[in-house]
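Observations on the three-dimensional arrangement
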Amino acid sequence: MVKTSKKSKQKAPTMRSAKEEKLFNNLLKITEQFMRGKSFMPLSLEVLMQRLALPPQHKEIFQEVLNKLQQQGLIESKEEKYEWKKSQADVVTGILKMHPRGFGFVQVTIPKNFEQDIFIPKHLTKNGVDGDVVEVILNQEVISDKGPEGKIVAILSRGRTHMAGIIRQLDKDRMFIAHVPLLGTQQRVVVHPTEEHQLQIGDRIVMEVIDWGSKETETICRFSHYLGHISDPSCDVYAAIEEFELRSDFQTAAIEEANNLGKSVSKKDIQNREDLRELISLTIDPDTAKDFDDALSLTRDAEGIYNLAVHIADVSHYVQPGTALDEEAKARCNSTYFPGYCVPMLPGALSENLCSLRPNVNRLAVSVLMRIDSSGNLLDYRFTRSVIKSAKRFTYKEAKKVLDGQKNSPYKPHLELMVELCRLLKQKRYERGSIEFSLPELVILVDEKGKPYSTEYITYDITHQMVEEFMLKANEIVAWDLSQKGKNLTYRIHDEPSEENLRDFSTLAAAFGFKLPDLPTPQDLQKLFEKAAETAYSNYLASSYIRRMRLAAYSAENIGHYGLSLTHYCHFTSPIRRYVDLVVHRILFGESDRFDDLQEIANYCSEQERISAKAENSVVILKKLRLLEERHQKAPEHEYQAIITRVKNFGIYFEIFDLLLEGFIHISDLGEDYFVYEEEKMLLRGAKHGARYSPGDNLVVMLEKIDFISQETKWYVLPSVSTPKKSIARKRSASKEYQKHLNKKCSTGKYNLKKKQAASMTKLGKKKRKR
């Protein structure tokens, strides 16, 4: 008999439940952060537990945590005390990513000991900007499930040499002062003019940075080139491209490669492909779409089995690794969509023609062929490189009219069958805990000169839902299949929200009249959003929950997708506009899947996705302000219906219904009263007159002025609706237009889904296939 030492017994692997595994991982992170502190002294297990406020019942799993840290060589035990083994480095290096609200995150260059980015509070960013390489000192006293916190102590190198800005004033010393969105409204930026252009207030320019300055000192720049004037809407997109450093022009070599591929599919291209042209394939896309990534075929056999085919443009056939086209796509990572304009990932010869699954022409595709039973269960699947011929290009609106009987089409039975299968897949997704928000998208309509003239609500109806469900299924199957085969790939991951954010959302929901546990389950949240769907503020609750979730990202390491409640998920269905999808196509058919390369691609694509989203949002907000200004000129005393979304001790935030535009009113502009902030209830109460402002209250506001340079608005409340609310019913009296669009269900009439199925993890705007 061989005796086992006490030490080896401690290190023996233990089978843990999912809940215990989560606790173990959390304790591992917290303990490591605590012991890495420069003031940490060797402590016993019992004292460590006291310092970390751990209950006695966690002693056994905490011992496993310490064993794990010993195995990793990070700590050692001497005289029954644990001490940090490695030499301490007070400062870590990483790349700064700034948030529009002024705080930032640092992605550590060597992330071995930092699975999460380091949070940098607004006042500790040291005037850093996106892309800067910085040194950060950690705040060892802050232990949060959001991750480590620190402050920037040095900026080692700047991520850019030029910035876009707007001349905001000529000061008393005759110096030009610019507003630079990258630096925020508080930073003073001085611009040295040149003789080539006479600067004036409102000029949108690009500046070369001479001295970045600091929070306490001014930034000094030199005029580089002129973009246009803030009064000219035609340069809004161009200015955003410059501000966010997007690639707008293709290299000559890439354009030549695209043109040399021809304008049609050759007979040679079709050889050795499965011919699926006899299948009736349909595309369903937005009105303005030109890049049709996907087509759908669906039949049902005599046994009731659904045969679903998702055909995806075979971009990998045309864009080979190492070519100019590939390098250009890799640098862009994705297409960027502005109102009325697109910055594509691939040249138009490919994105709008040869790779676009246009009707009545041969197109090369990668097809996912699935068999699904009458309960929505996947029976089997296979992948094939194919040739297809789309029979019909539907817009979402047109497909909906066919389903509603407002338009005749020979393809109506095919659409009806898609609705049928969509119901089954949505039910399966609901059962596994996926939360869904049927949020409308407000589209800004612009003319050929970029001037906004109207808005349009795009309701997330059944046509959008069925396309999304089929794309989700294809993405899931590809990720699962490649994982089972031991292939590395770029997963689309989504970590679960922090407990702090869940508690925060529960508090917010309570302010709107809903009860949630402190740590709600997906099922609790499903019930909440079902109830909220009947109210005028469901849109805000949904977007508030989304903002509190962690961002979805790409990664070569799989942690699953919380929002979709899936263990395996990737992006595969949009290779025309997303580089990661193109990479997955290559892996599917045996191309290189080196982990190091994939992680680098995943990180870069995640970052570029974030930059594109910020660029798109900046232009959308500016277009909304232009539309608002035009209305204000025509009707200065127009009253706007709004709903209070947030209340702080310094004022209230609200959302204008018909523009989905956020506004703010400072507490000093709420009337002649002394307001007391009740933090627990998140409301302001007037001590003299009893006026009360809380989340969910309706508001009538009037616009005073718009500052296009800083993109800020000035509002005031009309005296009336700041009265206490007695019940949820009070909050349902929003404007008819808002109710009309926000309270629409997935669809109407015979295609109306069950209420509990009407859900979507889809983010605001561009909901189709963003997961």
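Residues numbered from 1 in each chain as written. Predicted model: local features only at pLDDT ≥ 70, side-chain atom pairs only at ≥ 80, totals over all residues. Heavy atoms only, no water.

Going by an unreviewed UniProt entry, the chain carries the name Ribonuclease R and comes from Protochlamydia amoebophila. In its Sequence similarities (unreviewed entry) section, the UniProt entry covering the chain states "Belongs to the RNR ribonuclease family. RNase R subfamily." Under Function (unreviewed entry), UniProt gives the following word-for-word description of the chain: "3'-5' exoribonuclease that releases 5'-nucleoside monophosphates and is involved in maturation of structured RNAs." (UniProt positions renumbered as here; feature names shortened; annotations may be inferred.)

Attention now goes to the nonpolar core. Generally speaking, a soluble globular protein has its nonpolar side chains buried in company with each other. Within the largest apolar cluster, 83 residues are counted, with the highest numbers of intra-cluster contacts made by I284, V310, L350, L415, M418, F470 and F572. In terms of residue count, the dominant contributor to this core is helix α13 (residues 462–484) (ten residues). Beyond its immediate stretch of four places on either side in the chain, L350 contacts A258, L261, Y318, V319, L325, C355 and S356. Within the second largest apolar cluster, 30 residues are counted, among which are A642, V647, I706 and I709. (Core = buried A, V, L, I, M, F, W, Y, C linked by side-chain atoms within 4.5 Å. Buried < 20%, exposed > 50% of the residue type's maximum accessible area, 1.4 Å probe, protein only. Helix = DSSP H or I, 4+ residues; strand = E, 2+ residues; numbered from the N terminus. Contact = heavy atoms within 4.5 Å.)

Here helix α4 (residues 59–71) contains 13 residues, and its C-alpha end-to-end distance of 18 Å stays within 8% of the 18 Å for a straight helix at 1.5 Å per residue. Every buried residue belonging to α4 is among I61, F62, Q63, E64, V65, L66, N67, L69 and Q70, and all of these are buried. Count one or two residues on from α4 and you reach G73, which has phi positive near 75°. (Expected span 1.5 Å × (residues − 1).)

Inspection of every chain in the model, using the stated rule, returns 47 salt bridges. When the shortest N-O distance is used, the salt bridge between K97 and E607 registers 3.6 Å. Of the two residues, K97 is situated in strand β3 (residues 91–98) and E607 in helix α18 (residues 595–634); the sequence distance between them amounts to 510 residues. Given a relative accessible area of 18%, K97 falls into the buried group. Note that D404 is salt-bridged to K400, the shortest N-O span being 2.6 Å. Each of K97, D130, E607, R610 and K614 takes part in one network of salt bridges that share partners. (Salt bridge = Lys/Arg side-chain N within 4 Å of Asp/Glu carboxyl O.)

Confidence in the prediction of the chain, expressed as mean pLDDT, is 85, and 88% of residues score 70 or more. Segment residues 1–13 is flagged for pLDDT under 50; beyond a separation of four residues in sequence, or across chains, it makes five contacts in the model. (pLDDT = per-residue confidence, 0-100.)

The next point concerns the sheet that holds strand β8 (residues 162–170). Taken in spatial order, the five strands close into a barrel running β8-β9-β10-β12-β11, and their pairing is mixed. On average, each strand axis in the sheet is inclined to that of its neighbour by 55°, with strand direction left out of account. Where β8 lies against strand β11 (residues 203–211), five bridges are found, and the strand directions are antiparallel. If you follow G165 over to β11, its bridge partner there is I205. Here helix α5 (residues 236–243) sits on the sheet and contacts β8, β11 and β12 (219–229); the angle it forms with β12, its principal contact strand, is near 150°. (Pairing = 2+ DSSP bridges. Axes fitted to C-alpha atoms, helices over the stretch in contact; angles between N-to-C directions.)

Turning our eyes to something else, we now look at the side chain of D697. Inspection of the secondary structure puts D697 in the loop between β30 (692–693) and β31 (698–707). Within polar-contact distance, the side chain of D697 engages the side chain of S694 at 3.1 Å. (Polar contact = N/O pair within 3.5 Å; in protein donor to acceptor, adjacent residues only side chain to side chain.)

Glancing now at the pairing of strand β15 (residues 294–300). Of all the seven residues making up β15, five are buried; the element is thus mostly covered by neighbouring parts of the structure. The pairing of β15 with strand β16 (residues 306–313) spans seven bridges and is antiparallel. When the bridges of β16 are listed, T299 appears paired with N307.

Glancing now at unusual backbone geometry. The backbone of E80 sits at a positive phi, close to 60°, despite the residue not being glycine. Locating E80 in the fold gives a position in the loop between β1 (75–78) and β2 (81–84). With a relative accessible area of 70%, E80 lands in the exposed category. Residues other than glycine seldom take positive phi values, yet N360 does so here, at roughly 65°. If you trace the backbone, N360 turns up in the loop between α10 (348–354) and β19 (362–372). On the basis of relative accessibility, which here comes to 56%, the residue N360 falls in the exposed class.

What follows covers helix α15 (residues 522–532). Owing to its 3.6 residues per turn, the α-helix brings residues three or four apart onto one side. Listing the buried residues of α15 in full gives L525, Q526, L528, F529, E530 and A532. Of the surrounding elements, those touching the buried residues of α15 are α12 (412–431), α14 (499–511) and α16 (538–548).

In this section: the pairing of β11. Where β11 lies against β12, eight bridges are found, and the strand directions are antiparallel. Note on β12: the bridge partner recorded for D203 is H229.

Turning our eyes to something else, we now look at the sheet that holds strand β28 (residues 675–678). Pairing within the open sheet is antiparallel, and its three strands lie in the order β28-β29-β30. Each end of this open sheet is capped by a strand with a single partner; those strands are β28 and β30. Of the pairings in the sheet, the one linking strand β29 (residues 683–686) to β30 comprises two bridges and is antiparallel in character. Looking at the pairing, L684 lines up with Y693 of β30.

Next up on the list: the side chain of D171. With respect to the secondary-structure elements, D171 resides in the loop between β8 and β9 (176–179). Looking at D171, its side chain comes within polar contact range of the main-chain nitrogen of D173, at 3.0 Å. In terms of polar contacts, D171 uses its side chain to reach the side chain of R188, at 2.7 Å. Once residues within four sequence positions are removed from consideration, D171 is found in contact with I177 and R188.

In a packed pair of helices, the relevant descriptors are the angle between the two axes and the axis-to-axis distance. Their axes nearest at 9 Å, the elements α12 and α13 cross at an angle of 65°. Viewed along their axes, α12 and α13 form a crossing whose handedness is left-handed. Residues L415, M418, V419, L421, C422, L425, K426 and R429 of α12 touch α13, and the partners they reach there are I462, Q465, M466, E468, E469, F470 and L472. In terms of residue class, the contact of α12 with α13 is made up of ten nonpolar, one polar and four charged. (Left-handed = near helix turned anticlockwise from the far one by under 90°. Nonpolar A, V, L, I, M, F, W, Y, C, P; charged D, E, K, R; others polar.)

Structurally, S374 is set in the loop between β19 and β20 (378–395). Taking C-alpha positions, S374 is 9.6 Å from R300, a pair spaced 74 residues apart along the chain. Contacts of S374, omitting those with residues within four sequence positions, involve G304, Y306 and L424.

With that settled, consider the packing of helix α11 (residues 396–403) against α12. Look at α11 against α12: their axes get within 10 Å of each other, and the N-to-C directions meet at 95°. The orientation of α11 with respect to α12, classified from their angle, is roughly perpendicular. Residue-level contacts link A399, V402 and L403 of α11 to K412, L415, E416 and V419 of α12. Its residues assigned to classes, the contact of α11 with α12 shows five nonpolar, no polar and two charged. (Parallel < 35°, antiparallel > 145°, perpendicular 65-115°, else oblique.)

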